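What the coordinates show
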Amino acid sequence: MTYRGRFAPSPTGPLHFGSLVSALASWLDARAHRGTWLVRIEDIDGPRTVPGAAQEILATLGSFGMHADEAPLWQSTGTARYRQALEQLKASGLIYPCGCTRKEIADSLLRAHTRNTTLAYPGTCRDGLHGKPARAWRLRVPDGDAAIIRFHDRWQGQQTQNLATEVGDFVLRRADDQWAYQLAVVVDDADAGITHIVRGADLLDSTARQIYLQRCLGVPTPSYLHVPVVTNQDGEKLSKQTGATALDRAKPLEALYAAAQHLELDMSSGTHSSLEDFYAAATAAWAVKMDVRV
Ligand code: GLU
């Protein structure tokens, strides 16, 4: 098997401990499979991108000894491919323009909620814009049993999501003229030939949407592994907003050991005082834990 994995940070700030855990897990899985590891900078969300953050992330990965096997990919260069995918879906009648504002959706969800249904997009614009201007493009999700997406996650086990009742028709092109993450990630992973996705469990909930979109576009579904997210003392996911600090590039081993511990790797086979030693031991421990055999 030709294994191709990736780490896909959003350049919204410097690398912190939470993103190191995802980077390390994807790196170790690629190494354990003797595969290829790529880095993709997810700089598609213009308003959230912080100038200089991508370079800082790449430099930090480098000083932690994680070098991509191919040149880094930049999402901002992919817009022609996203447009092409949207056109393909438009031609197959799978997407429709939506004129709802956030407030309108919130109001109708509130009404629906009181009738005891769930919080999926209610499909207001499915049968037309009702005279409103088009704001976004949504992918129509199937009804009935076809809406149930099942997949096996290598860490979290069997997963099931009903796209119709739990998500609803979801946005691929946003009202602010930005490409939605769900579309960009599926197109990019397919174009890069990614076979294995290893990332934080905060994205577990997006995976069924991505699998459905892969089916609509006729591209393969990779295997998935979602590692537990790192939380702060208040139980919130570690991020710049919840007080994560930048990693100290001068002390990579300390942070790497802590990340290995978070990933429940058995590193008791000795003290590893060089990056090389650390990665050799951590890769072996990962292969045992995740039952990787090559
Ligand atoms: N860019 C996303 C993030 O930093 C990760 C996307 C992915 O791995 O699919 O949360």
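Residues numbered from 1 in each chain as written. Predicted model: local features only at pLDDT ≥ 70, side-chain atom pairs only at ≥ 80, totals over all residues. Heavy atoms only, no water.

Quick look at the overall build of the protein
From N to C terminus, the protein includes nine helices and ten strands. The C-alpha radius of gyration of the protein comes to 20 Å, within 12% of the 19 Å expected for a compact globule of 294 residues. Counting every position in the protein, which comprises 294 residues, the buried fraction comes to 50%. For the protein, restricting intrachain contacts to residue pairs at least 6 apart in sequence, the fraction spanning at least 24 positions comes to 76%. Carbon and sulfur atoms provide 51% of the accessible area of the protein, an area that totals close to 14100 Å². Looking at the protein, you have 31 positive and 32 negative side-chain charges, and the mean spots of the two groups are 6 Å apart. (Helix = DSSP H or I, 4+ residues; strand = E, 2+ residues; numbered from the N terminus. Rg over C-alpha atoms; globule rule 2.2 N^0.38 Å. Buried < 20%, exposed > 50% of the residue type's maximum accessible area, 1.4 Å probe, protein only. Contact = heavy atoms within 4.5 Å. Areas by Shrake-Rupley, 256 points an atom, 1.4 Å probe, with all protein chains shown as cover. Lys, Arg positive; Asp, Glu negative; His and termini not counted. Charge placed at Lys NZ, Arg CZ, Asp CG, Glu CD.)

Topic: the sheet that holds strand β8 (residues 170-173)
Read across the open sheet, the three strands follow the order β4-β5-β8; overall the sheet is antiparallel. At either end of the open sheet lies a strand with only one pairing partner, and these are β4 (95-98) and β8. Sheet twist, expressed as the average angle between the axes of neighbouring strands with direction ignored, equals 45°. As paired strands, β4 and strand β5 (residues 136-139) are joined by four bridges and run antiparallel to one another. Directly across from Tyr96, in β5, lies its bridge partner Arg138. The strands touched by helix α3 (residues 79-91) within the sheet are β4, β5 and β8, with β8 carrying the most contacts at an inclination of about 130°. (Pairing = 2+ DSSP bridges. Axes fitted to C-alpha atoms, helices over the stretch in contact; angles between N-to-C directions.)

Focus: the environment of Lys240
Residue placement: Lys240 occurs in the loop between β10 (223-227) and α8 (252-262). Given the relative accessible area of 44%, Lys240 is considered partly exposed. Taking the C-alpha atoms as reference points, Lys240 and Gly13, separated by 227 residues in sequence, lie 6.8 Å from one another. Sequence-distant contacts of Lys240, that is, excluding residues within four places in its chain, are made with Thr12, Gly13, His16 and Val50.

Digging into the pattern of salt bridges
Tallied over the entire structure, the rule returns 22 salt bridges. Between Arg174 and Asp176 there is a salt bridge, and its shortest N-O distance comes to 2.8 Å. Looking at Arg174, the relative accessible area reads 24%, which means it is partly exposed. Among the ionic pairs, Asp291 bridges to Arg293, the shortest N-O distance being 2.8 Å. A cluster of three or more residues bridged by salt bridges with shared partners is formed by Arg6, Arg40, Glu42, Arg81, Asp188, Asp189 and Asp191. (Salt bridge = Lys/Arg side-chain N within 4 Å of Asp/Glu carboxyl O.)

Some details on the packing of helix α6 (residues 181-191) against helix α7 (residues 204-217)
Direction vectors running N to C along α6 and α7 enclose 60°, while the axes themselves pass 10 Å from each other. Viewed along their axes, α6 and α7 adopt a mutual orientation that is oblique. Along this stretch, α6 crosses α7, giving a crossing that reads as right-handed. On the side of α6, the interface is formed by Tyr181, Gln182, Leu183, Val185, Val186 and Val187, while α7 contributes Ser206, Arg209, Gln210, Leu213, Gln214 and Leu217. Here the residues of the contact of α6 with α7 sort into seven nonpolar, four polar and one charged. (Parallel < 35°, antiparallel > 145°, perpendicular 65-115°, else oblique. Left-handed = near helix turned anticlockwise from the far one by under 90°. Nonpolar A, V, L, I, M, F, W, Y, C, P; charged D, E, K, R; others polar.)

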